[in-house]
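# Observations on the model geometry
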Amino acid sequence: MSSSENSEALVLSSDPLHPANLIPELCRSFYHLGWVTGTGGGICIRAGDKVYIAPSGVQKERIEPTHIFVLPYPQVAPSPHTDRVFLRRPSLNLKESACTPLFWNSFEIRDAGSCIHTHSQHAVMATLLWTGPVFTISHQMIKGVRVGGTGPALSYLDTLELPIIENTPNEEDLKDSMAEAMIKYPNAAGVLVRRHGVYVWGTDWEKAKTQTECLDYLFEIGVKMKLAGLSTTLN
Ligand SMILES: CSC[C@@H](O)[C@@H](O)C(=O)COP(=O)(O)O
Ligand SMILES: [Zn+2]
């Protein structure tokens, strides 16, 4: 088998749960939630020593398995910013998602197996109504969210805190402030980006997905509570 056939084998599988099949399917469902419209947002999956990433700037609901990039984890190059190493690149003229360095934060700092980025309007509205550095909510259905995204589940009696970082014109430039926020708030399962969206991770794609759903629900109800003049915490 030639090396290009070998690299194609990294994304061609009849298993619907193979990351190269899952990413297109999940992006389609996220599109219908309004999370990844206009080419924004996405999901990456790390399976052992391989990371599967979607292309940049494409309609995320129309991705095919052959569009997926595969990278080794950890990277052998000094930084995932520069001289990025690939096991497989699509033959089309595509570039890997600009979110790659941010997804990498979730692997390196939280040992995540998957990270989701959405442009959900609930997340964006939360960053506009919570004008400080943290989104907080308590006494809601927060127990679907895990401590730090990869730890034990939160309890109804915990207060959920999510840091908010300031947006930058280029996605890559969020890498350092996201990493700082993750270190400062070790219990947070995600990081909100003001006027932009949210990054959420989990030990695997299922937990990243369900936690993104839980957090999106909390952003939505939190925004409604604020707009109704209600406090979002009882503590
Ligand atoms: C609509 S452009 C949005 C991008 O700059 C970025 O924020 C994003 O979410 C997706 O980046 P991409 O490189 O297309 O995966
Ligand atoms: Zn984005």
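About the cut-offs
- Residues numbered from 1 in each chain as written.
- Chains lettered and ligands numbered in written order.
- Predicted model: local features only at pLDDT ≥ 70, side-chain atom pairs only at ≥ 80, totals over all residues.
- UniProt positions renumbered as here; feature names shortened; annotations may be inferred.
- Axes fitted to C-alpha atoms, helices over the stretch in contact; angles between N-to-C directions.
- Helix = DSSP H or I, 4+ residues; strand = E, 2+ residues; numbered from the N terminus.
- Parallel < 35°, antiparallel > 145°, perpendicular 65-115°, else oblique.
- Left-handed = near helix turned anticlockwise from the far one by under 90°.
- Contact = placed C-beta atoms within 7 Å.
- Buried ≥ 20, exposed ≤ 12 C-beta atoms within 10 Å, placed from the backbone.
- Near = placed C-beta within 6 Å.
- Nonpolar A, V, L, I, M, F, W, Y, C, P; charged D, E, K, R; others polar.
- Pairing = 2+ DSSP bridges.

The protein chain has the name Methylthioribulose-1-phosphate dehydratase in an unreviewed UniProt entry, where Hebeloma cylindrosporum is given as its organism. Taken verbatim from the UniProt record of the protein chain, the Sequence similarities (unreviewed entry) comment is "Belongs to the aldolase class II family. MtnB subfamily." The record held by UniProt for the protein chain lists under Pathway (unreviewed entry) the comment "Amino-acid biosynthesis; L-methionine biosynthesis via salvage pathway; L-methionine from S-methyl-5-thio-alpha-D-ribose 1-phosphate: step 2/6."

With their axes 9 Å apart at the nearest point, helix H3 (residues 100–110) and helix H5 (residues 175–184) run at an angle of 30° to one another. Here H3 lies roughly parallel to H5, going by the angle between them. Considering only the axes of H3 and H5, their crossing is right-handed. Across from Pro 101, Leu 102, Asn 105, Ile 109 and Arg 110 in H3, the residues of H5 making contact are Lys 175, Met 178, Ala 179, Met 182 and Ile 183.

Another aspect to go through is the UniProt feature "binding site: Zn(2+)" (unreviewed entry) in the protein chain. As recorded in UniProt, the sites labelled "binding site: Zn(2+)" (unreviewed entry) are His 117, His 119 and His 196. Their sequence span is 80 residues, while the largest C-alpha to C-alpha distance among them is just 10.0 Å; these annotated residues converge on one region. Inspection of the secondary structure assignment puts His 119 in the loop between strand S4 (114–118) and helix H4 (121–129). Ignoring sequence-local partners within four residues, the contact set of His 119 consists of Trp 35, Val 36, Thr 37, Gly 40, Gly 41, His 196 and Gly 197. Along the polypeptide, His 196 turns up in the loop between strand S7 (190–193) and strand S8 (197–202). On the basis of neighbour count, His 196 is assigned to the buried category, with 21 C-beta atoms found within 10 Å.

In the vicinity of ligand 1, the residues found are Gly 38, Thr 39, Gly 40, Gly 41, Gly 42, Ser 56, Gly 57, Ser 97, Ala 98, Cys 99, His 117 and Glu 171. Here the residues of the shell around ligand 1 sort into two nonpolar, nine polar and one charged.

Trans is the prevailing form of peptide bonds, just as negative phi is the prevailing case for residues other than glycine. The residue after Tyr 73, namely Pro 74, is reached through a cis peptide bond having omega 0°. Tracing the sequence through the fold places Pro 74 in the loop between strand S3 (69–72) and H3. One non-glycine residue with positive phi stands out, namely Thr 39, at about 75°. Assignment of secondary structure puts Thr 39 in the loop between helix H2 (19–32) and strand S1 (42–47).

Taken in spatial order, the eight strands line up as S3-S2-S1-S4-S8-S7-S6-S5 in an open sheet, and their pairing is mixed. If you trace the sheet from one side to the other, it starts and ends with S3 and strand S5 (134–138), each paired once. Pairs of neighbouring strands in the sheet enclose a mean axial angle of 20°, with direction left out of account. By the bridge criterion, three bridges tie S1 to strand S2 (residues 50–53) in an arrangement that is antiparallel. Bridge pairing in S2 links Ile 45 to Tyr 52.

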